[in-house]
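# Summary of the model geometry
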Amino acid sequence: MKSRIADSCVCCDSKDFKKSPAILMPFVAQRAFDWKPVEINKSWGLKTIKNGMAYSICNSVLCSNCFHLFLDIRFSDDEMGRLYDHYRETAYINLREKYEPGYKTRNKKLNLGYQYLNEIENFLRPFLRKSSAILDWGGDSGKNTPFQSACDFLHIYDISQRPVVGKAVRIEKNQTQNTKYDLIVCSHVLEHAPYPGDILSDIRSAMNKNTVLYIEFPYENLVRTTKNKNNLHRLKRHWHEHVNFFNERSAEELLSNSDLEILKLKKLLTSGESSEYVFQIVCKLKNS
Ligand SMILES: [Zn+2]
């Protein structure tokens, strides 16, 4: 049983970290825990509590070793299931619009898909012997998977249970170990993961010495632009679906601890409607 509140860095395992109070955004708190914001007023009759809005509180944690910035709450599998069930479908969109007006419009842009798939394919091509068998771990509907038109088959493992598109086939986690994959994609997953090392460990079991693993996650603006890294935990005041804010060092620590060897790491400013900085990492099993 993993801790509800992180007791060590989820990338390098150091127990040397600093904390600062923050809030869990209401949308996430309601989806995961059914906790809603509430206004405390004098009718509550509390003697030692001040009146005002109460939100779900948490801590921002900064690892003193690798500077990984993360939410102290680590969601359970059930909570992750509730948070990501039918991801970006009607109930999800309506609740999020209620708490975060304007989300519906933003979601329409997100639904356009990645506008930079060709850049991902160009990044990966030098490392791939072939790309006929692909597994997209957390691949949603499959529409953002690189080499999807060229591959022989595309397996999707994802907790969101969304319908898949094109030649994508949804599979269960235990089926991922029965196939030899040329390429495994894990894109925009680890920033959501309470214990990213556990996901990489599961992915490892689906890899062989020839499998190439492509990982992508955001290089969050706060981390990228803050000069004094020692202060990051005090600047991060709210947490949403991204519970891990990686930097280059914490990414390297995480992958090394997961027995993965980085072949190339690149920072990319993505093109398209929702442009953002991301880390692109291509790796293989260590010592293979
Ligand atoms: Zn660390």
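Look a little higher up for the structure.
Residues numbered from 1 in each chain as written. Predicted model: local features only at pLDDT ≥ 70, side-chain atom pairs only at ≥ 80, totals over all residues.

Our focus in this paragraph is the sheet that holds strand 6 (residues 133-137). The 7 strands are arranged 8-7-6-9-10-14-13 in an open sheet whose pairing can be described as mixed. Bordering the open sheet on either side are strand 8 (168-170) and strand 13 (260-269), each of which pairs with just one other strand. Going from strand to strand, the sheet's axes swing by 20° on average, the running direction of each strand aside. Each of strand 10 (212-218), strand 13 and strand 14 (277-285) touches helix 5 (residues 117-124); the most contacted strand, strand 14, lies at about 35° to it. Relative to the sheet, helix 9 (residues 248-257) contacts strand 13 and strand 14, its axis offset from that of strand 13 by approximately 155°. (Pairing = 2+ DSSP bridges. Helix = DSSP H or I, 4+ residues; strand = E, 2+ residues; numbered from the N terminus. Axes fitted to C-alpha atoms, helices over the stretch in contact; angles between N-to-C directions. Contact = placed C-beta atoms within 7 Å.)

Contact pair helix 3 (residues 90-99) / helix 4 (residues 103-110): the axes reach a minimum separation of 8 Å and the direction vectors enclose 135°. With respect to helix 4, the axis of helix 3 lies oblique. Contact residues: helix 3 offers Ile-93, Arg-96 and Glu-97, while helix 4 offers Tyr-103, Lys-104 and Asn-107. Its residues assigned to classes, the contact of helix 3 with helix 4 shows 2 nonpolar, 1 polar and 3 charged. (Parallel < 35°, antiparallel > 145°, perpendicular 65-115°, else oblique. Nonpolar A, V, L, I, M, F, W, Y, C, P; charged D, E, K, R; others polar.)

We now examine the sheet that holds strand 5 (residues 69-71). Within the open sheet, the 5 strands sit side by side as 11-1-4-5-12. Their pairing is mixed. Where the open sheet ends on each side, the last strands, each with one partner, are strand 11 (238-239) and strand 12 (244-245). Here 7 bridges tie strand 1 (residues 17-24) to strand 4 (residues 57-63), and the two strands are oriented antiparallel to one another. Considered in strand 4, the bridge of Lys-19 is made with Val-61.

Across the 5 residues that make up strand 6, a large majority, 4, are buried. Inspection of the sheet shows strand 6 paired to strand 7 (residues 153-157) by 5 bridges, in the parallel sense. Residue Trp-137 lies in a different strand from strand 7, and its bridge partner there is Tyr-157. Sheet analysis places strand 6 next to strand 9 (residues 183-187), joined by 3 bridges and oriented parallel. (Buried ≥ 20, exposed ≤ 12 C-beta atoms within 10 Å, placed from the backbone.)

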